[in-house]
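Secondary and tertiary structure notes
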There are 4 protein chains.
Amino acid sequence: MSLSSQSNAGRAGDLPVLQVAMVGHAFMGRAHGNAYRQANHFFDLPFQVVPAVIVGRDQARADAAAHKLGFARATTDLAAVLADPAIQIVDVATPNDSHYEIAMAALRAKKHVLCEKPLAMTVAQCKEMAALAKKQKVRVGLWHNYRRAPATRLAAQMVARGDLGAIRQVRAVYLQDWLSDGSVPASWRTSKKTCGSGAHGDLNAHLIDLTRALTGLEFESVCAVQQTFTKERPDGNGGKAKVDVDDAFCFLAKFKGGAIGTYEATRTAPGRKNHNCIEISGEKGSLRWNLERLNELEFFSFADARDGQGFRTILCMDSVHPYAPNWWPDGHMIGYEHTFVHHLVDFVRALHSGEPFAPDFADGVAVQCVLEAALQAAKKGTWVKVPK
Amino acid sequence: MSLSSQSNAGRAGDLPVLQVAMVGHAFMGRAHGNAYRQANHFFDLPFQVVPAVIVGRDQARADAAAHKLGFARATTDLAAVLADPAIQIVDVATPNDSHYEIAMAALRAKKHVLCEKPLAMTVAQCKEMAALAKKQKVRVGLWHNYRRAPATRLAAQMVARGDLGAIRQVRAVYLQDWLSDGSVPASWRTSKKTCGSGAHGDLNAHLIDLTRALTGLEFESVCAVQQTFTKERPDGNGGKAKVDVDDAFCFLAKFKGGAIGTYEATRTAPGRKNHNCIEISGEKGSLRWNLERLNELEFFSFADARDGQGFRTILCMDSVHPYAPNWWPDGHMIGYEHTFVHHLVDFVRALHSGEPFAPDFADGVAVQCVLEAALQAAKKGTWVKVPK
Amino acid sequence: MSLSSQSNAGRAGDLPVLQVAMVGHAFMGRAHGNAYRQANHFFDLPFQVVPAVIVGRDQARADAAAHKLGFARATTDLAAVLADPAIQIVDVATPNDSHYEIAMAALRAKKHVLCEKPLAMTVAQCKEMAALAKKQKVRVGLWHNYRRAPATRLAAQMVARGDLGAIRQVRAVYLQDWLSDGSVPASWRTSKKTCGSGAHGDLNAHLIDLTRALTGLEFESVCAVQQTFTKERPDGNGGKAKVDVDDAFCFLAKFKGGAIGTYEATRTAPGRKNHNCIEISGEKGSLRWNLERLNELEFFSFADARDGQGFRTILCMDSVHPYAPNWWPDGHMIGYEHTFVHHLVDFVRALHSGEPFAPDFADGVAVQCVLEAALQAAKKGTWVKVPK
Amino acid sequence: MSLSSQSNAGRAGDLPVLQVAMVGHAFMGRAHGNAYRQANHFFDLPFQVVPAVIVGRDQARADAAAHKLGFARATTDLAAVLADPAIQIVDVATPNDSHYEIAMAALRAKKHVLCEKPLAMTVAQCKEMAALAKKQKVRVGLWHNYRRAPATRLAAQMVARGDLGAIRQVRAVYLQDWLSDGSVPASWRTSKKTCGSGAHGDLNAHLIDLTRALTGLEFESVCAVQQTFTKERPDGNGGKAKVDVDDAFCFLAKFKGGAIGTYEATRTAPGRKNHNCIEISGEKGSLRWNLERLNELEFFSFADARDGQGFRTILCMDSVHPYAPNWWPDGHMIGYEHTFVHHLVDFVRALHSGEPFAPDFADGVAVQCVLEAALQAAKKGTWVKVPK
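Computed from a predicted model, the values in this text were never measured in an experiment.

Side note on the overall build of chain A
Summing up its helical and strand segments, chain A has eleven helices and 17 strands in all. If one aligns the C-alpha atoms of chain A with their principal axes, the spans along those axes are about 60 × 55 × 40 Å. The buried share of chain A, taken over its 388 residues, is 66%. Sequence separation of at least 24 residues holds for 68% of the intrachain contacts in chain A that already meet a minimum separation of 6.

Some words on the sheet that holds strand 2 (residues 48-55) of chain D
Residues and elements named next belong to chain D. Judged by pairing direction, the sheet is parallel, and its six strands sit side by side in the order 3-2-1-4-5-6 without closing on themselves. Each of the sheet's edge strands pairs with one partner strand only, and the pair in question is strand 3 (73-75) and strand 6 (140-142). The sheet shows a mean angle of 25 degrees between the axes of neighbouring strands, taken without regard to direction. One ladder, built from three bridges, connects strand 5 (residues 112-115) with strand 6; its direction is parallel. Bridge pairing in strand 6 links L114 to G141.

Things to note about the packing of helix 7 (residues 150-160) of chain C against helix 9 (residues 199-215) of chain C
All names here are of chain C. Look at helix 7 against helix 9: their axes get within 7 Å of each other, and the N-to-C directions meet at 45 degrees. On the basis of their axis angle, the class for helix 7 and helix 9 is oblique. Across from T152, A155, A156 and V159 in helix 7, the residues of helix 9 making contact are L210, A213, L214 and T215. In the contact of helix 7 with helix 9, the residues fall into six nonpolar, two polar and no charged.

A look at the domain arrangement of chain A
Residues and elements named next belong to chain A. The assigned domain composition of chain A is domain 1 (9-145) and domain 2 (147-347 + 356-385). With 33 residues of domain 1 at the contact, the number on the domain 2 side is 31 residues. If one sorts the elements of the side of domain 1 that touches domain 2 by residue count, helix 2 (residues 27-42) sits on top with eight residues. The residue makeup of the side of domain 1 that touches domain 2, split by class, is 22 nonpolar, seven polar and four charged.

Overview of the sheet that holds strand 3 (residues 73-75) of chain A
Residues and elements named next belong to chain A. The strand order across the open sheet formed by six strands is 3-2-1-4-5-6, and the pairing between neighbours is parallel. Single-partner strands in this sheet number two, and they are strand 3 and strand 6 (140-142). For this sheet the average axis-to-axis angle between neighbouring strands, irrespective of direction, equals 25 degrees. Of the strand pairs in this sheet, strand 4 (residues 87-92) and strand 5 (residues 112-115) are connected by four bridges, and their pairing is parallel. The residue of strand 5 that forms the bridge with D91 is L114.

Examining the environment of L175 of chain B
Residues and elements named next belong to chain B. By secondary structure assignment, the location of L175 is in strand 7 (residues 167-175). A sequence separation of 184 residues divides L175 from P359, and the C-alpha atoms of the two residues are 23 Å apart. If we ignore the near neighbours within four places in the chain, the residues touching L175 are T266, A269, R272 and H275.

Description of the pairing of strand 12 (residues 260-266) of chain B
Residues and elements named next belong to chain B. In terms of residue burial, strand 12 counts as a mostly covered element, since seven of its seven residues are buried. Here seven bridges tie strand 11 (residues 248-255) to strand 12, and the two strands are oriented antiparallel to one another. Within the sheet, the bridge partner assigned to A253 lies in strand 12 and is G261. Following strand 11, the chain reverses through four residues before pairing antiparallel with strand 12; G257 in that reversal takes a positive phi of roughly 100 degrees.

So, unusual backbone geometry
Cis geometry is found at the peptide bond from A358 of chain B to P359 of chain B, where omega equals 0 degrees. Relative to the elements of secondary structure, P359 of chain B occurs in the loop between helix 10 (338-353) and helix 11 (361-380). Between K117 of chain D and the following residue, P118 of chain D, the backbone shows a cis peptide bond with an omega angle of -5 degrees. With respect to the helices and strands, the residue P118 of chain D is situated in the loop between strand 5 and helix 6 (123-136). Located in the positive-phi region is K137 of chain A, a residue other than glycine, with phi close to 55 degrees. Secondary-structure assignment places K137 of chain A in the loop between helix 6 (123-136) and strand 6.

Details of the nonpolar core
Note that soluble globular proteins tend to have their nonpolar side chains buried in a common cluster. Membership of the largest hydrophobic core comes to 541 residues, with the highest contact counts inside it found for V222 of chain A, V222 of chain B, V222 of chain C together with V222 of chain D. With near-sequence residues (within four places) excluded, V222 of chain C lies in contact with F251, L252, A253, V370, A373, A374, A377, W383, V384 and V386 of chain C.

As for helix 6 (residues 123-136) of chain C
Residue and element names in this part refer to chain C. When the terminal C-alpha atoms of helix 6 are compared, their 20 Å separation across 14 residues agrees well with the 20 Å that a helix rising 1.5 Å per residue should span. For helix 6, the set of buried residues is V123, Q125, C126, M129, A130 and A133. With its buried residues spanning 160 degrees around the axis, helix 6 presents them on a single face. Turning to helix 6, the residues buried within the fold contact helix 5 (99-108), strand 5 (112-115), strand 6 (140-142) and helix 11 (361-380).

Some words on the packing of helix 2 (residues 27-42) of chain C against helix 10 (residues 338-353) of chain C
Residues and elements named next belong to chain C. Where helix 2 meets helix 10, the closest approach of the two axes is 8 Å, and the angle between their N-to-C directions is 65 degrees. Taken as a pair, helix 2 and helix 10 cross one another with a handedness that is right-handed. Where helix 2 approaches helix 10, its residues A31, H32, N34, A35, Y36, Q38, A39 and F42 are matched on the opposing element by F340, V341, H343, L344, V345 and V348.

Some details on the pairing of strand 4 (residues 87-92) of chain B
Residues and elements named next belong to chain B. Burial within strand 4 is extensive, with six of its six residues counted as buried. Pairing of strand 1 (residues 17-23) with strand 4 involves five bridges; the strand directions are parallel. Within the sheet, the bridge partner assigned to M22 lies in strand 4 and is D91. Between the parallel pair strand 4 and strand 5 (residues 112-115), the chain is carried across by helix 5 (residues 99-108), and the sense of this crossover is right-handed.

Observations regarding the confidence of the model for chain A
Residues and elements named next belong to chain A. Looking at chain A, the pLDDT average stands at 95 and 97% of residues meet or exceed 70. Contacts for the low-pLDDT stretch residues 1-12, under 50 throughout, to residues beyond four places or in other chains number 45 contacts. Both scores are given for the predicted complex: the pTM is 0.96, the ipTM 0.94.

So, helix 10 (residues 338-353) of chain D
Residue and element names in this part refer to chain D. Between its first and last C-alpha atoms helix 10 spans 22 Å; for 16 residues at 1.5 Å apiece the expected length is 22 Å, and the two agree. In the core, the buried residues of helix 10 are packed alongside strand 1 (17-23), helix 2 (27-42), strand 2, strand 5 and strand 6. G354 sits one or two positions beyond helix 10 and adopts a positive phi of about 80 degrees.

Here we look at the environment of K256 of chain D
As for its placement among the helices and strands, K256 of chain D is situated in the loop between strand 11 (248-255) and strand 12 (260-266). Along the backbone, K256 of chain D and V53 of chain D are 203 residues apart, and their C-alpha atoms lie at a distance of 43 Å.

Section: the environment of A72 of chain A
Mapping A72 of chain A onto the fold places it in the loop between helix 3 (59-69) and strand 3. As for A72 of chain A and P51 of chain A, which are separated by 21 residues in sequence, their C-alpha atoms are 6.6 Å apart.

Parameters and conventions
Chains are numbered independently. Their residues run from 1 in the order of the written sequence. Chain A is the first chain written and ligand 1 is the first ligand written, with later ones labelled in order. Reporting of local features is limited, given that this is a predicted model, to residues whose pLDDT is at least 70; pairs of side-chain atoms are given and counted only at 80 or more, and all residues count toward the totals for whole chains, interfaces and linings. A run of DSSP states H or I qualifies as a helix once it reaches four residues; a run of E qualifies as a strand once it reaches two. Both are numbered from the N-terminal end. Here a residue counts as buried when 20 or more other C-beta atoms sit within 10 Å of its C-beta, as exposed when there are 12 or fewer, and as partly exposed otherwise, the C-beta atoms being derived from the backbone. Any pair of residues counts as being in contact when their C-beta atoms, constructed from backbone geometry, are within 7 Å of one another. Two strands are counted as paired when DSSP detects at least two bridges linking them. Axis lines are fitted through C-alpha atoms, for helices just across the contact stretch, and the angle between N-to-C directions can take any value from 0 to 180 degrees. Every angle not falling under 35 degrees, over 145, or within 65 to 115 is termed oblique; those three ranges are roughly parallel, roughly antiparallel and roughly perpendicular. Here the term charged refers only to Asp, Glu, Lys and Arg, the term nonpolar to Ala, Val, Leu, Ile, Met, Phe, Trp, Tyr, Cys and Pro, and the term polar to all other amino acids, Gly among them. All the domain ranges listed were derived from an automatic or database domain assignment. A set of buried Ala, Val, Leu, Ile, Met, Phe, Trp, Tyr and Cys residues, joined to one another through C-beta atoms within 7 Å, is what we call a nonpolar core. Expected helix span is given by 1.5 Å per residue-to-residue step, counting one fewer step than there are residues. By definition, the arc is the one covered by directions from the helix axis to the C-beta atoms. Here is the rule for handedness: rotate from the far helix to the near one, and if that takes an anticlockwise turn smaller than a right angle the crossing is left-handed, while a clockwise turn gives right-handed. Orient the strands so they point away from the viewer, and a crossover whose first-strand-to-second-strand path over the helix runs clockwise is right-handed. The predictor reports its confidence for every residue as pLDDT, a score running from 0 up to 100.

And the structure:
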C-alpha cells in the first residue's frame, strides 16, 4: 500500500489529472516532492497533481526516493518518460550542470517544464531554453521559491500598489556560514565545473530574483568583488581539493531609472545560517524581509502619524495575507517548504487559466545575465553592463 | 485516483501498517491529517501510518474531509469503526465536550488513543480515562503539540542536563487578540457549555503542559483572576449571545520545591496573534521560547565569559537539534504543523519500542487539575491547592 | 577652581536662582546631582538650578561627593541647612528608612521636597508626609524617574488621546539577576529592617507608578506570592546573614473599572539586567516599553491597514517626541540619567507655573498602598483590597 | 553665578588644570561642551578639564553658547586665544571647510588639538596637518566618537584577543532618512562646496574609522556608486538650489590581507534614523553593532556548545565592560553623548601618560584616503587603489 493513499478514487476523478515526472531526487527533489503531495490537500486547484515518476540514474536509489517522496514509480529511462503522453510536467531537479540538457529535451517533447534554479550554466543556454519554451508553446517555471512566502508576496503587492513610492535603494544579503570552517570537505558546491560559481550563483541568484519580483527593477550594470578564503579543502580521500569558486561575492548595482543596490552572498559569515535578507527603500517607506524569520515582514511608512512612526513587524499569517488562509488559523507559522507548494499552486493555476507565470525562463535569462555580468565585473575589476 | 497515491504498493508492504481512524475533521483534524500523511515521508518509522477513515456526523462533509485530508474513506458509524480490528489508533479530534465519551469508547474497544487537548471537561472524567487506558494496556497520547518543536524539545533537554541549574521561576503567557473586537460573534469557544472556560482552558492548558514538559515542575497551588471584557456578542442571527467564559485569565503558581510562576491566557491583547511564550529562570541561566518565532530558543548562561554574557538566539534548525535533520538542511525553518508530525512520530516509535510516551492521559489529568484549581481560585478569590 | 565653572557670572544672574540641598550622595545622589548640573544646559528653564549643598553623615565623604557631583559645599548639619532661607529645595536621596524623618523636617521648614522612592516605609508615614506637604503649601515630587523617558511620556500621551481605547490589561515585570548567585553578600537591600521588602518595594514600586502614570488605572485589589530562594548570604565577615526579604514577588491586580494586570519583580532572573517592561493592552491597540531599550516604544494599532498591522518600534528620539529635541538631533539616543533631568525640568517648571506635578506625595501614598496590600496578600494568602 | 559652580575651589586645585578653547558651537559644540563639563564628574582624571572659552564669529551668539554650554567666556578673536598660554587644548568644532585652517593655526601655536571629523577637505590637507602635529610634538585627536561606546570598545577588544579569529568580511551601513522627502530644504550639508560630499563624507567616514578601530584592517582598493535622488531642493527663499552631493553612496572594499567589505551611507532610507551598523565576520565568530541600540553588542561564536550556538545580545552596561562602571550600576543605559565623554577621557589620560591616542591625524589621513579613493571610484567607474 502506498504512502497516504488507498481509494478516494471516485472523488479525485472529478479533477483532471496533472502527472509530474521529476528528474533528480536530492535536497531539491525532497522539497518539490513535498509540494506535489501537499498542494491539493491545502489548496483548491483546477487539477489533481500526481507525482507520477522519478527519473534517476540508479534504479534502486530512485525507487527508494519515489517511495519516500510519494511518487508512484521510478525509472532511469528519461527518454521513455518524455515519450509518455501521460506525463504533462517535467520537473528538473538535478545538479546545475544538467539543467540545460534535460530541460531542452523536455521542451522538445512538448512538456511543461519546472526547472530548479539556476536555469542553466550560461546566458546562452538560458536564452536557448527560453526561446524553445516560447516556440513550443508550453508553460515553464523556474523554482525561485522565495518569491512566494506570504511575506514576500505581500511585499510585492505593497510595492506595486505604491506604499513605498518610487524605489530608490535595495540592500540584499544572503549570508550562510557552513564554509567558515576550513575542515569542511570540498564538494560539488565548491567546484566551478559543477556549479559555475560558489555563493554567487547559489545565493545571489535568489537575491537577484527577489529584487526583480519585489520591486520590478531591472539591473543595468554591476561591479563586484569575490574572495575564496579557503583555497583548498579536504577531498574526502585524505588529500586536498582546490576550491575554485568564491566563498563570498559582493556586488554593487545600478538599476534602470536611477535606483542603486548592494548585494552580498557568502558562506563564511558565522552565525548566519540562512540569512536571505532584503531591504527596500522607497520615497515613502521601506520594507525588510529575512528568510530566517520568513513569516515576518518589516514595514516603515512616512504615512503613519509623525510621532508614531517606526518599523512594524507584520506577522504574515493572517487570513488577509497571500496563501496564509489556506494553511492554518491566524498567527500560525509556516515553514520553508511551503514556498514550494505556493510556487506549484500558482503554476498549476496559471496552466489552467492561461495567465502568465513568473519566474519563467525569460526571468531565468535575466537572472543569469546579472550573475554573469557580475562574474565578469569581479574578474575584470570594472563595471559591466548587464545585457538585455 | 487518490491524492498522492498510485502504486508504491510492493514497497510499503515492507512495513507493518498502523491504521488510524480520526473522529472529527475541523481545524485540529486538518493538523492531525497532515501529520498522518507526512510522517513516513520525512521520518524512518517502524510502521507505515495509514490515515484510514474519518468519522464524522455528516457523511457528505466527512467524505469531503477524507478526500481533502488524504484519508481512504469516511463514515458516520463510530461503533463500526471501533469494532473494526484493522483500526489500531483512534484519534479524538472533536470538540472538547465529546472527548470523554469517544475516547472511553475507543479505550473499551482496546484501541490506542490519541486525544486532542483538553483531555476532557473535568478532572473526574480525565481520571476515568487515564484509569481505563491503564487497565486496557493500550497506549495513549494527548496532542499537546508545542512540547515537540525542535526549540522546546531542546529546552527540555537543556533543563534536564542542568544548563539552568535548579528552576526558580516561570513566566508564561499565551496572548491572542481575536476577541478584542466586540463585534466578533459568539461561538462554541465563548460558551461555557461547550468549552468549560475561555482563554483559560484553551491557552493556559498549553502553558501548563509546557511548564511540566520543559521543567518537570509540579504545580502545588494557584490563585487567579479572570475577566470577560465583552459580556455579550452577536449571535449570528441578529441577536445577542451572552459570553459566559473568560476573555482573559491570569494565575500565580507555587510549585513543589519552592519555585513560583505567573501565567496569563488572553484573547484580548492587540497585536499578539499566537504569542505562546514561556521564560524559565534557573540558578545558572534562563530560557525563553515564543511560538510566534517557534524555531528560535533564547538562552542565557552565567557560564559564558563574564564580559560576553547575553541572551543568545539559537536558530533550532541545525542537524544537531531535535527533529530538525529530518526536514531540511541547516537554517531552514519549519512551521506550526510540524509539531504534530513530531508528536505522531514519537508516539509511533513508542508504540513499537514500548517506551513511555508523554503527554499521556495521566499528564492530561495533571493539566486538568491545575486548570480546575485555577478556576476555583478565580471563583473563590483564594489560593487553591492543586490535587494530585 | 570648581568643576565646570569660572565666571559666566553676569549672565546667570538673569534667572532667579533655585538652590538645592541634597541629603545623601550614593547611587541616587549621583543621578540627582547629574540632573542639577545638566538641566539648565539643555533646557530653557525659569530658574537657574544651583546644586548648593550636600548633607552627609561624614564630612570628608560629603566633601568628596560635593566635589565629584558639582555641589558648592558639603555639611553634616541638616538642621542648619533647613534653617537656611537660601535653600529652596531639599532632595531626600538617603536610604529608604530615613526618608520620612528627613522629608518631614524639610516640610516643617517649608522647603520644597524632592524625595527618592519609596516615599517612606509605611502607608501611615506616607500619608503624614502628603498631609504635611499639603498643609505647608510647598511643592513636592517623588523621583519615579521612569515616567519621564521620552518613550513612556509618549505612551502616556497615546493612552490619554485614546490610541488604545479603554485599557483592559497590564502585564508588567521588573526583572534583574544580581541575586541569582548565592555567594553575593547580604546588604541593606536584603534586610527587612532597612528596606521593608526586597525586589517588591524596590522594583514593583516602579511598575505600580508606571501603570498609574501611563494608564490612569487605580488598583482595587491584589493577590500575591513571594519567594526567597537564598535564605542566607555571606555577611562579609566570614559568617552568614539571614535574608528576610523576597528575591521575587509576583502579584495579580484588579483595577477599578474592570481591567486586570500581572506584576512581577525579581532579582533572580538570569540575563535580565534591568528589564523593567510594561505591556498595556487596550480595546484598539497595545503598547510595550522596556527600560533595557528605553528609547523605544512598541505600538500596535487595529487602525492600521488590515494586511499591514504589526507591532511597530518607535525610536522616540525625534523632534516631535517629548523631551527629545532638547538633547540631540533625530535618532540619537539618550540614557538612564536623562530621565532624572526630565523629572527635575518638569518639577522646576511646575514650581514656576503653579501647575500640578506628578508624582507627588499623594501618588507616593497610592504606590505604598498597593505595595502594602500586596505584602499582606502574600502573607495571608488571600486577595487584599487596596485602601484609598 | 555660573552653571554648576560656586566654590569647591580649594579642592579642584589639587589637579592640574587643562583649559580648553572650543572653536564653533553648533551641534558638535554641544556634544563636546557636554564632554568638558561631565568628564571629571564621572571619571578620575589626571587633570581638571576646564571649558575656558568659546570662539565664534558673532560675539552675542558665542556668549549665549558659552553660557549654555558651560564655558567661562566667549570671544571672536581666535588669534588672541591661540596666543594665550593658559589655553592648552583647541577643539575645532566648526563646519568641515574650516577645519584645516583653524587646526593648522592651533598647531602652529603649539596647542594640543581635538578636531571634529572630517579632519579636512582633502587628503593633502590632512597630510599637512598630520605632519605639522608630529613636528610640533603636540597631541591630537579626531572626534570619531563611535569608537568609544562600551560596545564598540568591547568589540575591538574581542577582535584583538582573537575571539573572531582572522577577520574576513565587513558589512557596514550608515542609514538615515531625513532627505527622503524632496521638500526638505537645501543646506550646507547638500552642497559640495561646504561638505565635499553628502552622505559619503558624513557617514561613510564613521564606517571607515569604525572598521579600522574594530578590526585593524587597512583598505587596499575600492569601487563605488553614488546617487542623488533629489537633484534640486527648496533654497529657503522660494527658489530652488541644486544638490551637488550624493544622497546615497555605496562602495566595495578590498583590504590588505584578503578580507573584503561592503559599505553604504545614505540619507534616503525611510525608517532608519541613525542606523550606523557594522557586522564583522571572522573565522571563528561574528560581531554586530548598531548605533540605534548603542549599548548592545551581538556576538556569535563557534566556540559555544554546538546545539546552543546563536547570536547573543550583550548588554554592555556591566561593571566589566569598558567605561560602564564609571556611569551607573549594571544594566543602566547610556546615550549618544557619552561617547564624546569617553573620547575626552582617553585623550586626557593619554596627554598625561604619553601613551598613544587614536584616532589621531594620521588616522584622519587614512580615513580621508579611503573617502577620496571612493569618490574617484564612483566618478571613474573603476576600482581605485587607496594610497598609503
